[in-house]
Each structure stands twice: as C-alpha cells, then as structure tokens.
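# Fold and contact review
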Amino acid sequence: MVTANDRIEGLCSTPEYRQEFYVEGTLLMCCACRISLNHKKKSVLDDHLGSTKHEVTKNAMDNSVDVQPNTHITRLSEREQLNLDLVQALTTADIPLEKFR
Ligand SMILES: [Zn+2]
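Residues numbered from 1 in each chain as written. Predicted model: local features only at pLDDT ≥ 70, side-chain atom pairs only at ≥ 80, totals over all residues.

### Brief notes about the overall build of the protein
Broken down by element type, the protein carries six helices and three strands. The linear arrangement of helices and strands in the protein, starting from the amino end, is α-α-β-β-β-α-α-α-α. Within the span of the protein, comprising 101 residues, buried residues form 10% of the whole. Here the analysis covers contacts within the protein between residues at least 6 apart in sequence; of these, 25% occur between residues at least 24 apart. (Helix = DSSP H or I, 4+ residues; strand = E, 2+ residues; numbered from the N terminus. Buried ≥ 20, exposed ≤ 12 C-beta atoms within 10 Å, placed from the backbone. Contact = placed C-beta atoms within 7 Å.)

### Some remarks on the environment of Ile35
Within the secondary structure, Ile35 is located in the loop between β2 (27-30) and β3 (36-37). What makes Ile35 partly exposed here is the crowd of 13 C-beta atoms within 10 Å. Between the C-alpha atom of Ile35 and that of Phe21, which follows or precedes it by 14 residues, the distance is 9.8 Å. Apart from residues lying up to four places away in sequence, Ile35 is in contact with Met29 and Cys30.

### Some remarks on the nonpolar core
If you look at the biggest cluster of nonpolar residues, it comprises seven residues: Ala4, Phe21, Leu28, Cys30, Ala32, Leu37 and Leu45. Not counting residues up to four positions away in its chain, the partners in contact with Phe21 are Ile8, Leu28, Met29, Cys30 and Cys31. (Core = buried A, V, L, I, M, F, W, Y, C linked by C-beta atoms within 7 Å.)

### Some details on the pairing of β2
With burial as the criterion, only one face of β2 is covered, namely that bearing Leu28 and Cys30; the residues Leu27 and Met29 on the opposite face remain uncovered. Here four bridges tie strand β1 (residues 21-24) to β2, and the two strands are oriented antiparallel to one another. Considered in β2, the bridge of Tyr22 is made with Met29. Where β1 folds back onto β2 in an antiparallel hairpin, the turn is made up of two residues, including Gly25, whose phi is positive at roughly 65°. With two bridges connecting them, β2 and β3 associate as antiparallel partners. By the bridge assignment, Leu28 is partnered in β3 with Leu37. Taking the residues between adjacent antiparallel strands as the criterion, β2 and β3 are bridged by five residues, where Arg34 takes a positive phi near 55°. (Pairing = 2+ DSSP bridges.)

What follows is the structure in structure tokens.
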C-alpha cells in the first residue's frame with residue numbers, strides 16, 4: 001500500500017509532487033488548494049495538477065506572495081494601529097487607562 005508519505009518522499013514520488021503536495025497526518029494535501037487528495041492513485045494527483053482549478057489557485061497564491069511579501073505577519077490592521085496610538089498617547093500624557101472603561 002502506498003502511504004501519503006511514500007507519494008512525496010518515496011520511490012513513487014517526483015520532484016513536482018514534493019513541490020506541490022505535503023503530508024498532513026495520513027492525508028496528502030495540495031499546497032495551493034489546501035484540499036486532501038487520494039494519494040493511492042497517481043492519476044488522481046496528475047489529474048489534479050493539470051486541472052484548471054489547481055492552476056488558478058496556484059497562480060493566485062503566487063501573485064499574492066509576490067505583491068505583498070510578509071506583510072500579513074507584521075502589518076497591523078487600522079483598528080489595531082489606532083488602539084496602539086491611543087495607548088501610546090495616553091501613557092505619554094500620564095493618563096491612566098482605567099479612566100476609559
Ligand atoms: Zn491543487
């Protein structure tokens with residue numbers, strides 16, 4: 001029996017599989033689409049890689065990574081930034097935050 005790990009790491013693997021898929025528990029997942037695939041059938045994986053859905057999702061993912069590298073990790077939302085500014089202004093002015101409850 002071929003396991004999900006065999007499909008990526010073992011003799012059944014190809015370099016493309018290692019790029020496109022990852023193993024989560026006993027499941028083989030598509031990196032772009034975040035769906036599990038039947039790893040026991042190579043044709044299912046090949047069909048998926050050739051599918052329009054996979055191409056579209058993968059392209060969308062590649063583009064979003066290119067346009068905004070790492071911004072999702074460090075950028076605060078407007079609301080968070082406003083809160084941070086408010087707290088900094090109040091502490092600078094020596095106003096206790098309890099007054100604002
Ligand atoms: Zn996919």
